[in-house]
Amino acid sequence: MAVLRKSLATHFTRWWEFERMPWLDWVQVEVTSRCNAACTYCPRTVYRSNWSNRDLSHDKFERMLPLFATARMIHLQGWGEPFLHTGFFEMVARLKKIGCKVSTTTNGMLFDRRKIGRLVESGIDHIAFSLASIGEKNDTVRKKTEYRTILQAITDLAAEKKARQTETPTVNIAFLLLRSYLRDIHGIIPAFKDHGIEQVVISTLDFVPSKDLQDEILAPTDEDMHGELKTLLDGLVREGERAGLNIYYRLVSPGKRSRICTENIERALFVSAEGTISPCAFANISASGISHMAGEREKIYQRLTFGNATDESIVAIWQSKGYASFRASFDSKLHPICQGCPKLYEV
């Protein structure tokens, strides 16, 4: 009996530590699915007639705090512009109080001097500004945004940080590289090197909501094309190093797929504004009755969720049969939603 009691006590202690300690690298939290932009490649724009606007309520946010406490980083951004949410800074304050690092990604169109001051005061750790090219070309595809306004916000943020003698938030550029703008890639360094930007993270079009966008995918179809593109990007990285600008990229390799997802499904997750848990944002798009491109074929989109963080323990959700089976599929036959996904990269 004593041995059994000791075993049960050890099991309970491990469970308690599992629930309370930061065992997730990050949680991506959808603050809102509303947006003031209309980027041509975004699911929200393509699926606008089927889109469901959703906002994370104060009550749901508070009920999800046990989930947030299990992660080292909380990224406040989903399928919308986070600064449209009137409670954004209150969320940051709450998360900082429980010891989380906090980051966000923005289109940069909602900043004035007052909001920049609040941003620095909030203690948020990282902020990324989304762009898809330099100058007016960015505005062509990222409709309802303005490149010079975004760059001014970044410049003002750097000045505010300097005035307050603080290093945070660090500033990144989330740069979506489209095939039609590939020739403009060398404009990145002169455009961003003197604005307090720490790094540029280059991504390609991963989720393709419409056949009309297939020509914008940068997924090399053979090794020669892959080698040429990799040489170009590696050269950009070295050029950035000389200019004091860190540049990172991921590139799809033809004929090769890793079993390690860049969305870090073993140590990260996405939670929607409704509280539903998914492995990543691509598995929880706020629209119904839609399709997308999977390689050369059109595929009906089906959302993949595992419980609701406002109603269930994250431990119960994480350890549920369905979620465990999904993660295990990376060691055998991939779950259908992941098959063909470019997030399984080889550089």
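This text goes with the structure placed above it.
Residues numbered from 1 in each chain as written. Predicted model: local features only at pLDDT ≥ 70, side-chain atom pairs only at ≥ 80, totals over all residues. Heavy atoms only, no water.

**Considering the packing of aromatic side chains**
Then comes step 1: Tallied over the entire structure, the rule returns 15 aromatic pairs.
Then comes step 2: Relative to Y301, the ring of F207 has its centre 6.0 Å away and its plane inclined at 90°; by these criteria the two rings are edge-to-face. Taken together, the positions of F207 in the loop between strand 8 (199–203) and helix 10 (223–243) and Y301 in the loop between strand 13 (297–300) and helix 11 (314–318) put the pair 94 residues apart, joining distant regions of the chain. Assigned by exposure class, F207 and Y301 land together as buried.
Then comes step 3: Through successive ring pairs, a cluster of aromatic residues spans W23, F306, W318, Y323, F326 and F330.
Then comes step 4: Over the ring of W318 we find R327; its NZ or CZ atom is 4.1 Å from the centre of that ring. (Phe/Tyr/Trp six-rings, centres within 6.5 Å; stacked < 30°, edge-to-face > 60°. Helix = DSSP H or I, 4+ residues; strand = E, 2+ residues; numbered from the N terminus. Buried < 20%, exposed > 50% of the residue type's maximum accessible area, 1.4 Å probe, protein only. Lys NZ or Arg CZ within 6 Å of the ring centre and 35° of its normal.)

**Focus on the pairing of strand 3 (residues 71–76)**
Then comes step 1: In terms of burial, strand 3 is largely enclosed, as five of its six residues are buried.
Then comes step 2: In this structure, strand 1 (residues 24–29) lies alongside strand 3, joined through five bridges in parallel fashion. Looking at the pairing, V27 lines up with I74 of strand 3.
Then comes step 3: Across three bridges, strand 3 lies against strand 4 (residues 101–106) in parallel orientation. Its bridge partner lying in strand 4, H75 is registered against S103.
Then comes step 4: Note on the crossover from strand 3 through helix 5 (residues 88–97) to strand 4: the handedness is right-handed. (Pairing = 2+ DSSP bridges. Right-handed = clockwise from strand over helix to strand, strands pointing away.)

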